[in-house]
Amino acid sequence: MAERGFWKSLKSSPGLGAGFPPVAREPIQPHGTEDDPSRRRFLALAGASAALAAGVACSNNRGGIVPYTKKPEEVVPGVADYYASTFQEGASAFPVLVKAREGRPIHVAGNDEDPWCRGKTSFRATADILGLYDPDRLRGPLLEGRSVSWEKALSRIGEGLRKAKDENRAVLLVAPAAISPTRRTVLELFRKSLPTLEVIQWEPAVDHQRRTAEEALFGKAAVVRHRFGLAKAILSLQADFLGADAEAPAVIQAFASGRQPERPGAPMSRLYVFEGAMTVTGSKADHRSPVRPSALSAFAFALAKELHARHGIALPAGTEASLLDPFDLAAWGAANGVDHGSFSCLAGDFARAGRESLVTAGPSLPPEAHAAVSLLNAMLGAEGYTVEADAALATQELASPQQMEKVKSDLAAGRYAAAIIWEANPLHASPDPEGWAEALSKVPMTVRLGLLADEMARACGLVLPVNHWLESWNDFQIFSDVISLQQPPVAPLYDTLQAEEVFLRTAATLGSTAGTDYHSFLRERWKREVYPAGSLVPFAEFWNSCLHDGLLQRDADAAPARVLNGAALAPFAKAAAKSQATGMELFLFADAKTYDGRYGNNGWLQELPDPVTKNTWGNPLSLSISDTRRLGLKDGDVVKAEVAGRSVVVPILVQPGQAAGVAVLALGYGRAAGSVAAKVGVNGWPLAGTEGLLRQGLSLAATGESARLARTQEHHHLHGRDIARLWTLAEYASKAAKPRQQEPVTLYPEQKFPGHKWGMAIDLSACVGCGGCVIACQSENNIPVVGPERVRKGREMHWIRIDRYYEGPEEAPRTVHQPMLCQQCDNAPCENVCPVNATNHSPDGLNQMAYQRCVGTRYCANNCPYKVRRFNFFDFTSDLTEPLDLAFNPEVTVRPRGVMEKCTFCVQRIRNAEQVAKDEGRRLRDGEIVPACAAACPAEAIVFGDLKEPNSRVSILSASNRCFKVLEELGIRPAVTYLADLRNPSGGEV
């Protein structure tokens, strides 16, 4: 039996979901996700997949991908090429390494040269390989819905802008964050050629509220790095820095480094989380308190008062102590239903940790919460240590929601002669899409630069398709010590241009002499401004070296601690003291998968289970257990959610651990941009206000309808078995002192491995359940997307899944995430039941699959105790729309309908590394083989290697005093070892 009472959902919770009526058997599907999909829907889902049929690089009409008439010197058929590039997302940029085969990009991973992310990247960067091959991409310019040449399209823009220039009328350009120095130079050049141009940078999902607070307290907002690896005590106020945060790849890595003690008594950081929505960060907390987000500003100020009054920590200069008089920690706890014991040790922990503390607030919280967080970090000395503000590089001047409202009003008033909308999409990601559509209709010339025929493209008269980032040149600078380069591993597939080149060409028609080729413009700017003066290295060598590495690291002065203006705290403290919830509150956040909606047409991301809810294909409204019982609702019930006169009709999801009085809705769904995104979820942006993403006065009304949610958490059960382990440090000390149990006796003969014996170790204490390994595996191994209809039936195809287990009370459970994949058992139960020997054992310990031999009996799946084998019920590899057949990995067999498939430890990578070592006449080195899941894991929780090598990292971890094997009592001897998840509750030193 399991050591603890773990449960996966309310159906299996200790309370057995008491108070919830049974789920309807035959609910309707109001969102277009019927159980029997049409042929069009089936083909759209097949198009979302990269499990693709063979025969790729020789068909016609593929843009820059054509058969070789003369093989490029650097290309060897069958050998992958790698290109260093950069993936931009909002105000963030990630150096990446792009794997290409015969000119086709097929996989995106992190760049090891990056000093911040250190070889990791956002899983959205990996998934966006599908964005390159999206069959819904625009394939040429459109004028009033009809195809035109680029010559005619640019001529039309030139005519309109010259007319505006002659009439001295304003022209609007709404652009994404210009974190590229060369892009900023182009926009400045464009502005000089068109003096009436107004450039608005807009990113709807960035932390506008933090910027507002920092501008008041420090004089300006800064580019900030949070050094979680240096922090002993961490406080999160609805800040999902391990999940939805844009900088999560670097943050997860740093956070995990302080959560893996090698022995009892070794130091481990402590994480306190106060939040209303159940987040990935909350799931890893040592102490988590479900609290209304609207109450967190007052809590932060009350904590500051406690640190000052009881622990003698000084307030920043200029701060009046009387500002904190309205706040009291104990009174706040009583008013918000939080047991004082939940935070009785908190102030002491942070006082002892001092500058090794770190306090963060989520982007959806109001400015007063961020002001209080800045106050706490300044008091503790964290400012300048764990909170590092880059003083040499100004943050981007991004428009606030209020400024965007002013832009909309000016458009409606006819102030602009032309509007150019580049990537931004206020017809989806804004509080008033209808108002934006009406305002744009008043503009004489509207131009859209984008990838898809989305909501904005349909509202503009001239639509210009731009290059995907994998077809583009650029540079990016987030921090002053690193400049990264973006280079295209493939030529444009369609008749598209890079957006910067469009501006250069347009500027040329207005009199600019700067040239029209952006690659040359970029190179010349680097030669002029980046290339070190007096360098003995020729510029060509310097440029090629930077392209090879993907970035340039430069010396930068240490950032001094910012000085907080205490006098500026007064309005924020007053706002926090007055804040109170009115009825239910709505918490909106940018989804970790679709972000602000730009990835809505990506099937890999749509089908990735949410780390906490395990929901796919949509964004149900999450409610607490107490609220759903009070309202008489259950999972899947459809409600009308209304706030400030705007409403959406959405199914609900009952979420354990969520605070009462709080409804949670992810943004980025409800798109009208492509066949995959169509009718998936609801658009929550209209429920947002110009004041932020936390809204008061939410009303819910049941519609009497219900919908089946496409969730994965009910597909696999524990049945009381010892599968996951979650220990406190005290429990770790007691269990580590006990001798390890011997492997159970088995009647199977001892397996002999003449060479290597491959195995894996997975540290649950480091794993945050983000899903990066799932996306990387899907990209590497050609795993198909099956769609919501099949997910509901338990037919998802992922070779690795992240099981999420709860432990404790339904209202405030603890959580553990456990990656589960084929365990490569020595005595594999699947092998002895296969009637055609399709699954068998290799000499190096792998459970192999011979797909051409499999006849689909599914005996192996029935006999697998881990339920990690997948059956391909439908042929998702046929009838694909080009160019999706360019995305698959030729090193992995494409599986047809009717065969079993599963994890292979990325055997193709094993064989490639073995061949390289053989050619070089040497032994394989430990760590040389890295499966896709391990390479993508930002926490480095997955380690692969040779179990027969006693000094290998996997062997050392597999002998840890935290290790266990799942279902080891069956005697099947799995090759995957898990390390128990550890928590560090208060009561000891931090």
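Scroll up to find the structure.
Residues numbered from 1 in each chain as written. Predicted model: local features only at pLDDT ≥ 70, side-chain atom pairs only at ≥ 80, totals over all residues. Heavy atoms only, no water.

Let us now look at the packing of helix H17 (residues 518-530) against helix H18 (residues 539-549). Close contact between H17 and H18 brings their axes to 11 Å; oriented N to C, the two are set at 110°. Comparing their axes, H18 and H17 come out roughly perpendicular. In this structure, the crossing between H17 and H18 has a hand that is right-handed. Together, His-519, Leu-522, Arg-523, Trp-526, Lys-527 and Val-530 of H17 and Phe-539, Ala-540, Phe-542, Trp-543 and Cys-546 of H18 make up the contact between the two elements. (Axes fitted to C-alpha atoms, helices over the stretch in contact; angles between N-to-C directions. Helix = DSSP H or I, 4+ residues; strand = E, 2+ residues; numbered from the N terminus. Parallel < 35°, antiparallel > 145°, perpendicular 65-115°, else oblique. Left-handed = near helix turned anticlockwise from the far one by under 90°. Contact = heavy atoms within 4.5 Å.)

The next point concerns helix H6 (residues 208-218). Among the 11 residues of H6, 8 are classified as buried, and the element is accordingly described as predominantly covered. Restricting attention to buried positions, one finds in H6 the residues His-208, Gln-209, Arg-210, Arg-211, Ala-213, Glu-214, Leu-217 and Phe-218. The secondary structure elements touched by the buried residues of H6 are strand S9 (222-226), helix H12 (367-380), helix H13 (401-412) and helix H19 (570-578). Looking at the residues trailing H6, positive phi occurs at Gly-219, about 95°. (Buried < 20%, exposed > 50% of the residue type's maximum accessible area, 1.4 Å probe, protein only.)

Another aspect to go through is the environment of Trp-7. The topology assignment puts Trp-7 in strand S1 (residues 6-7). Along the backbone, Trp-7 and Ala-80 are 73 residues apart, and their C-alpha atoms lie at a distance of 44 Å.

Take the pattern of salt bridges next. Under the counting rule described, the total for this entry stands at 60 salt bridges. The shortest N-O distance in the salt bridge between Lys-284 and Asp-981 comes to 3.4 Å. With Lys-284 in the loop between helix H8 (280-283) and strand S12 (287-290) and Asp-981 in strand S40 (residues 981-983), the pair connects residues that are 697 residues apart, well separated along the chain. Residue Asp-981 is classed as buried on the basis of its relative accessible area, which comes to 0%. The salt bridge partner of Arg-695 is Glu-691, with a shortest N-O separation of 3.2 Å. Taken together, the shared-partner salt bridges connect Asp-207, Arg-210, Arg-211, Glu-214, Glu-383 and Arg-562 into one network. (Salt bridge = Lys/Arg side-chain N within 4 Å of Asp/Glu carboxyl O.)

Okay, the sheet that holds strand S11 (residues 270-275) next. Pairing is parallel in the open sheet, where 4 strands are placed in the order S12-S11-S10-S13. The two strands at the open ends of the sheet, each matched to only one other strand, are S12 and strand S13 (357-361). Averaged over all neighbouring strand pairs, the angle between strand axes comes to 10°, with direction disregarded. In this structure, strand S10 (residues 233-237) lies alongside S11, joined through 5 bridges in parallel fashion. Bridged to Leu-235 within S11 is Tyr-272. Along the sheet, helix H11 (residues 346-353) contacts S10, S11 and S13; its crossing angle with S10, the most-contacted strand, is approximately 130°. Of the strands in this sheet, S10 and S13 are in contact with H12, which crosses S13 at around 175°. (Pairing = 2+ DSSP bridges.)

Attention now moves to the pairing of S11. Counting buried residues in S11 gives 6 out of 6 residues, a clear majority hidden from the surface. Neither face of S11 is left uncovered, since the one carrying Arg-270, Tyr-272 and Phe-274 and the one carrying Leu-271, Val-273 and Glu-275 both have all their residues buried. The parallel pair S10 and S11 is bridged by helix H7 (residues 248-257), and the resulting crossover is right-handed. For S11 and S12, the ladder comprises 4 bridges, and the chain directions are parallel. Bridge pairing links Phe-274 to Ser-289 in S12. (Right-handed = clockwise from strand over helix to strand, strands pointing away.)

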